[in-house]
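Breakdown of the fold
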Amino acid sequence: MVLTELGGQISSALQKMSNVTVIDQKALQECINEINRALLQADVSFKLVQTLATNIKKTVNPDDLAAGHNKRKIMQQAVFNELCGLLDPGKPSYTPKKGKQCVVMFVGLQGSGKTTTCTKYAQYYRKKGFKPSLVCADTFRAGAFDQLKQNATKANIPFFGSYTETDPVAIAQTGVENFKKENSDLIIVDTSGRHKQEASLFEEMRQVSEVTKPDLIIFVMDSSIGQAAFDQAQAFKQSVPVGAVIITKMDGHAKGGGALSAVAATKSPVIFLGTGEHMDEFELFDVKPFVSRLLGMGDWSGFMDK
Amino acid sequence: FSSLIQSVAGKAVIEEEDLAPALKGLKDRLLVKNVAQEITDELSSSVATSLVGKKMASFTRISTTVQKAMEEALVRILTPKRSIDILRDVHAAKEQGRPYVVVFCGVNGVGKSTNLAKVGYWLMQHNVSVMMAACDTFRSGAVEQLRTHANRLQISLFQRGYEKDPALVAKEAIREAIMNKIDVVLVDTAGRMQDNEPLMRALAKLVHMNNPDLVLFVGEALVGNDGVDQLMKFNQKLVDLSTSATPRTIDGILLTKFDTVDDKVGAALSMVYKSGAPIMFLGCGQTYTDLKKLNVKSIIKSLLS
Ligand SMILES: Nc1nc2c(ncn2[C@@H]2O[C@H](COP(=O)(O)OP(=O)(O)OP(=O)(O)O)[C@@H](O)[C@H]2O)c(=O)[nH]1
Ligand SMILES: Nc1nc2c(ncn2[C@@H]2O[C@H](COP(=O)(O)OP(=O)(O)OP(=O)(O)O)[C@@H](O)[C@H]2O)c(=O)[nH]1
Ligand SMILES: [Mg+2]
Ligand SMILES: [Mg+2]
């Protein structure tokens, strides 16, 4: 998996530390520096890395690391807890309930994987007995409706969109109304890619959200994103009530730290991972195994149920 | 910050530890600007090497000296070593009676197809006739996406639908362009992850079979540390997986979504630093005119501000 390299680096930083017999402030600082480097290399936002380091310094008392204690375990637990904290906003996300009509809206930066993920999401819930449907409220990107249409057709999921209507707000409204009448219990609204620098795009997103009244807004984020992640994610959250995050392209080589930052910025949990271009390449997300994997597993697994 | 403006007036020669605080500050700034971690390390040690042992001008702050040395290093890196004049080369190809062929490649969703259309528009502004070749035969809607751009721009489109071998579609497109005396063929390809061997092999085949004039790597300014890995692996796999005795590599970079990163422009530096390939275009928006040339000065200003 893509995140093991980070885990390897942190593990080796810890290993180095446990080889030192006397742990003083200096040894602790050196260890933290190496952890910082690893996290920065994984694209965790600079600010978050600093907070993380401060927190670890606060929670780990060098006196506890004196002889007789398991230094390595204490540091590991501290790093593990901090990373989990980063990924765990403390409240679960809204989940669709069978039979109860619900609207889910997908938002995110350009090319992050929204349209692809919409169909994956629909297909995941159909397997659970839902009646999903797809609305294409992207009238901007060339070929957007064809893309959604072809995916939906292959997956055999009802869809709605238009080649002539240019107002995404109107399409979203009509589409959601239609599928409500048709008793779809999971109406998924795909939207155009957008970015915080263009206010009119965010205004459009707010309007789509207003007319469709989504029960859940999902922010879709590419796992390879760098230091711009935090600001962009935060801007989305400030504009519409983002309730969950999906991280895509986890089949790539990126270490995913930017996505970690996005979670911190939106205070919303990650619910799924995209792991390929095919419709079944989609996994449920779970914080603790994810962090264990991020840290390269091994003896980290012992912390999972604490 | 005060540690950065310590004065070493009166000190004759710069020593390593004099530089440390200023370098650390500068490194942190580059990291925030989205420069890849390993590159900030390499840059700061090369700046250190260039300064240690040098005489210090009196009453100069060490931070100023370090900043100046870094600026010089950045100018050196970002100033292209090989320059490509597309329009000149297009005319040269035309004189040989063949079209100039550009292949756009990169990972998923970075903006290959959109910026291909922008380049098409730019060429048309220079009275060059263009054909788009729809060689993303995999992703849903890819052909229709290109057709929409072709219709809007009144550019001809060559397409064979989905599930065809993209290398062969490109070959047919070029043949058709020769027949119709078209000046430039812009080849769109499907996005692929740099570690996906079968897909990288298919790209190497397309490049080998069609021997384009220009292989453009499309990367997005949003990308973090993975950007360098993407570019280096695309380059390497074009060599490793090619059946040609003289394999092609990446000739240039098209950096997209430059409008989405504010001053976090580090990806531009990271990519050029590692590959030495020039940034030929910057994509800075979603309309046809949003294509710029790289301005080295303004990039450096953003990086060091
Ligand atoms: N390898 C890989 N590719 C993915 C994944 N998810 C999406 N993609 C690809 O990423 C590219 C962009 O995906 P889209 O679904 O079009 O992204 P989008 O967010 O809808 O894009 P816009 O509507 O233009 O903003 C496509 O080539 C997808 O096939 C994933 O998990 N892994
Ligand atoms: N803001 C901004 N968006 C861009 C830029 N270039 C492309 N985009 C958007 O990025 C999204 C993806 O663009 P595409 O051209 O489809 O990307 P691609 O690399 O061809 O994607 P695949 O073929 O699926 O791998 C679209 O929504 C584009 O409008 C740019 O310079 N700035
Ligand atoms: Mg889309
Ligand atoms: Mg494309």
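Residues numbered from 1 in each chain as written. Chains lettered and ligands numbered in written order. Predicted model: local features only at pLDDT ≥ 70, side-chain atom pairs only at ≥ 80, totals over all residues. Heavy atoms only, no water.

With that settled, the discussion passes to the interface of chain B and chain A. On the chain A side, the residues contacting the 38 residues of chain B number 37 residues. Both sides together, the interface formed by chain B and chain A hides about 3200 Å², and carbon and sulfur atoms give 50% of it. Taken together, the links from chain B to chain A amount to 3 salt bridges. Between aspartate 41 of chain B and arginine 37 of chain A there is a salt bridge whose closest N-O contact spans 2.4 Å. Scanning the region where chain B abuts chain A turns up 24 residue pairs in polar contact (both at pLDDT 80 or more). Looking at the side of chain B that touches chain A, the elements that each hand over two or more residues are helix H1 (16-32), helix H2 (37-51), helix H6 (142-153) and helix H9 (226-240) of chain B. Counting residues per element, the side of chain B that touches chain A draws most heavily on H6 of chain B, which supplies 5 residues. Residue composition of the side of chain B that touches chain A, by class: 8 nonpolar, 16 polar and 14 charged. (Contact = heavy atoms within 4.5 Å. Buried area = accessible area lost by both parts, 1.4 Å probe. Salt bridge = Lys/Arg side-chain N within 4 Å of Asp/Glu carboxyl O. Polar contact = N/O pair within 3.5 Å; in protein donor to acceptor, adjacent residues only side chain to side chain. Helix = DSSP H or I, 4+ residues; strand = E, 2+ residues; numbered from the N terminus. Nonpolar A, V, L, I, M, F, W, Y, C, P; charged D, E, K, R; others polar.)

The next subject is the site of ligand 2. Surveying the vicinity of ligand 2 reveals 24 residues, the closest of which are Lys112, Thr114, Arg139, Asp259 and Gln286 of chain B. More than one chain reaches ligand 2: the nearby residues come from chains A and B. Between ligand 2 and arginine 139 of chain B there is a distance of 2.7 Å, counted from an oxygen atom to a side-chain nitrogen or oxygen. Glycine 285 of chain B places a polar main-chain atom, nitrogen or oxygen, 3.2 Å from an oxygen atom of ligand 2. Starting from 650 Å² of accessible surface for ligand 2 in isolation, the protein chains cover 96%. The element best represented in the shell around ligand 2 is helix H5 (residues 112-125) of chain B, accounting for 5 residues. Here the residues of the shell around ligand 2 sort into 2 nonpolar, 15 polar and 7 charged. (Near = heavy atom within 4 Å. Areas by Shrake-Rupley, 256 points an atom, 1.4 Å probe, with all protein chains shown as cover.)

Quick look at the packing of aromatic side chains now. Residues and elements named next belong to chain A. Applying the stated criterion to the full structure yields 15 aromatic pairs over all chains. On the basis of an interplanar angle of 85° and a centroid distance of 5.1 Å, the ring pair of tyrosine 124 and tyrosine 125 is categorised as edge-to-face. Using a relative accessible area of 21% as the deciding quantity, one classes tyrosine 124 as partly exposed. An aromatic cluster is defined as three or more aromatic residues linked by ring pairs; in this entry it consists of Phe106, Tyr121, Tyr124, Tyr125, Phe130, Phe272 and Phe282. (Phe/Tyr/Trp six-rings, centres within 6.5 Å; stacked < 30°, edge-to-face > 60°. Buried < 20%, exposed > 50% of the residue type's maximum accessible area, 1.4 Å probe, protein only.)

Attention shifts here to the pattern of salt bridges. Residue and element names in this part refer to chain B. Enumeration over the complete set of coordinates arrives at 23 salt bridges over all chains. Salt-bridge contacts for aspartate 213 lead to arginine 98; the nearest nitrogen and oxygen are separated by 2.9 Å. One end of the pair, aspartate 213, is in the loop between helix H8 (197-210) and strand S5 (214-220); the other, arginine 98, is in the loop between helix H4 (86-95) and strand S1 (100-105), and 115 residues separate them in sequence. Exposure remark for aspartate 213: the relative accessible area of 24% places this residue in the partly exposed category. Connected through shared salt-bridge partners, Asp195, Asp229, Lys233 and Lys237 make up one network.

Each disulfide is one covalent bond, formed between the sulfur atoms of two cysteines. The tally for this structure, following the rule as stated, stands at 0 disulfides over all chains. With no disulfide partner, cysteine 118 of chain A has as its closest neighbouring cysteine sulfur the one in cysteine 136 of chain A, 8.9 Å distant. The thiol sulfur of cysteine 135 of chain B is not disulfide-bonded, and the nearest other cysteine sulfur, from cysteine 105 of chain B, lies at 12 Å. Of the residues examined, cysteine 135 of chain B reaches a relative accessible area of 2% and is grouped as buried. (Disulfide = S-S within 2.5 Å.)

Glancing now at helix H3 (residues 62-78) of chain B. All names here are of chain B. If you check H3, its first and last C-alpha atoms are 24 Å apart, about what 17 residues at 1.5 Å a residue would give, namely 24 Å. Turning to H3, its buried residues are Ile62, Ser63, Thr65, Val66, Ala69, Met70, Ala73, Leu74, Ile77 and Leu78. Looking at the packing, one finds that the buried side of H3 touches H1, H2, helix H10 (266-275) and helix H11 (296-304). (Expected span 1.5 Å × (residues − 1).)

A separate point is the sheet that holds strand S6 (residues 252-256) of chain B. Residues and elements named next belong to chain B. Within the open sheet, the 8 strands sit side by side as S3-S2-S4-S1-S5-S6-S7-S8. Their pairing is mixed. Looking at strand neighbours, the two that pair on one side only are strand S3 (156-158) and strand S8 (291-292), the edges of this open sheet. Where S1 and S5 come together, 4 bridges link them in parallel fashion. Residue valine 103 lies in a different strand from S5, and its bridge partner there is valine 215. Sitting on the sheet, H5 is in contact with S1, strand S2 (130-135), strand S4 (184-189), S5, S6, strand S7 (279-283) and S8, with an inclination near 170° to S4. Packing of H8 onto the sheet brings it into contact with S1, S2, S4 and S5, and relative to S4 it is tilted by some 170°. (Pairing = 2+ DSSP bridges. Axes fitted to C-alpha atoms, helices over the stretch in contact; angles between N-to-C directions.)

Such coordinate-based values are descriptive only and should not be taken to indicate function.
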